[in-house]
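One letter stands for each residue in the lines below.
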Amino acid sequence: MGRRKWRKGPHITSLDELARQEVVFWWDKPQSKGWFLSWQFRMASQAIQNGRVIRYAMPEGSSCRFSDEDILRAERRLRTEPTLEGRQELIKLLNRIDPGGGDVHDVIDRYEGKGLY
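For every chain, the first residue of its written sequence is number 1, and the numbers climb from 1 along that sequence. In keeping with the predicted nature of the model, local features appear solely for residues at pLDDT of at least 70, side-chain atom pairs appear and are counted solely at 80 or more, and the whole-chain, interface and lining totals rest on all residues. Hydrogens and waters are ignored; side-chain quantities use all the structure's heavy atoms.

## Here we look at the pairing of strand β4 (residues 54–59)
Next, step 1: Residue exposure (1.4 Å probe, protein chains only): buried if accessible area is under 20% of the type maximum, exposed if over 50%, otherwise partly exposed. Numbering goes from the N terminus for both helices and strands, where a helix is a DSSP run of H or I of at least four residues and a strand is a run of E of at least two. In terms of burial, β4 is largely enclosed, as five of its six residues are buried.
Next, step 2: Paired strands, in this sense, are two strands between which DSSP finds at least two bridges. In this sheet, β4 lies alongside strand β1 (residues 6–11) in antiparallel orientation, the contact comprising four bridges. Considered in β4, the bridge of Trp-6 is made with Pro-59.
Next, step 3: For strand β2 (residues 23–26) and β4, the ladder comprises three bridges, and the chain directions are antiparallel. Counted as the bridge partner of Val-24 is Tyr-56 from β4.

## Notes on the nonpolar core
Next, step 1: With 26 residues, the main nonpolar core has Leu-18, Trp-39, Ile-54, Ile-71 and Leu-94 as its most contacted residues.
Next, step 2: Only β2, α3 (41–50), β4, α4 (68–78), α5 (84–97) and α6 (104–113) provide two or more residues apiece to this core.
Next, step 3: If you tally residues by element for this core, the top one is α5, at five residues.
Next, step 4: Contacts are assigned to residue pairs with any non-hydrogen atoms lying within 4.5 Å of each other. Excluding residues within four positions of it along the chain, Ile-71 makes contact with Met-58, Cys-64, Phe-66, Leu-90, Ile-91 and Leu-94.
Next, step 5: Formed by five residues, the second largest nonpolar core is a distinct cluster that contains Trp-6, Val-23, Phe-25 and Ala-57. Among buried residues, those of type Ala, Val, Leu, Ile, Met, Phe, Trp, Tyr and Cys that are joined through side-chain atoms within 4.5 Å constitute a nonpolar core.

## Re the packing of α4 against α6
When two helices pack together, their arrangement is given by the angle between their axes and by how far apart the axes lie.
Next, step 1: Axis lines are fitted through C-alpha atoms, for helices just across the contact stretch, and the angle between N-to-C directions can take any value from 0 to 180 degrees. In the contact formed by α4 and α6, the axes pass within 10 Å of each other and the chain directions differ by 30°. Note that α4 runs across α6; the crossing there is right-handed. Contact residues: α4 offers Asp-70, Arg-73, Ala-74, Arg-77 and Leu-78, while α6 offers Val-104, His-105, Ile-108, Asp-109, Tyr-111 and Glu-112.
Next, step 2: Gly counts as polar in this scheme, as do all residues outside two lists: the nonpolar Ala, Val, Leu, Ile, Met, Phe, Trp, Tyr, Cys and Pro, and the charged Asp, Glu, Lys and Arg. Split into classes, the residues belonging to the contact of α4 with α6 amount to five nonpolar, one polar and five charged. Here is the rule for handedness: rotate from the far helix to the near one, and if that takes an anticlockwise turn smaller than a right angle the crossing is left-handed, while a clockwise turn gives right-handed.

## Focus: the environment of Val-23
Next, step 1: Relative to the elements of secondary structure, Val-23 occurs in strand β2.
Next, step 2: Once you skip the residues sitting within four places of it in the chain, Val-23 turns out to touch Trp-6, Pro-30, Gln-31, Ser-32 and Ala-57.

## Things to note about the pairing of strand β3 (residues 29–32)
Next, step 1: Two elements, β2 and β3, share four bridges in a ladder whose sense is antiparallel. For Val-24, the partnering residue across the bridge sits in β3 and is Gln-31.
Next, step 2: Between the end of β2 and the start of β3, which pair antiparallel, lie two residues, with Trp-27 showing a positive phi angle near 55°.

Printed below as a string of structure tokens:
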């Protein structure tokens, strides 16, 4: 059996965010977009309202000083892909440009202000 690619992240709180994901955790198991897009709208809405069932799938083994919530904020702001590779690259980018102080928005401001992208 291979090495794990994903770990549980924060809870997903909207259908828009659910639809944007390539992989999510359903209870304790990662599920692909094809699996959860076949759900009925009502079931998906109830699962999100429950608040304890669906979580973001975050890359396993990637270290960063920022929280999972900060990484997801950076993903939305920079419009990076919500895939394993996209999140791994985002974490590498944040680690590379992080001066060690401030929040994730300060780091992104620095990144955008210097035209590093």
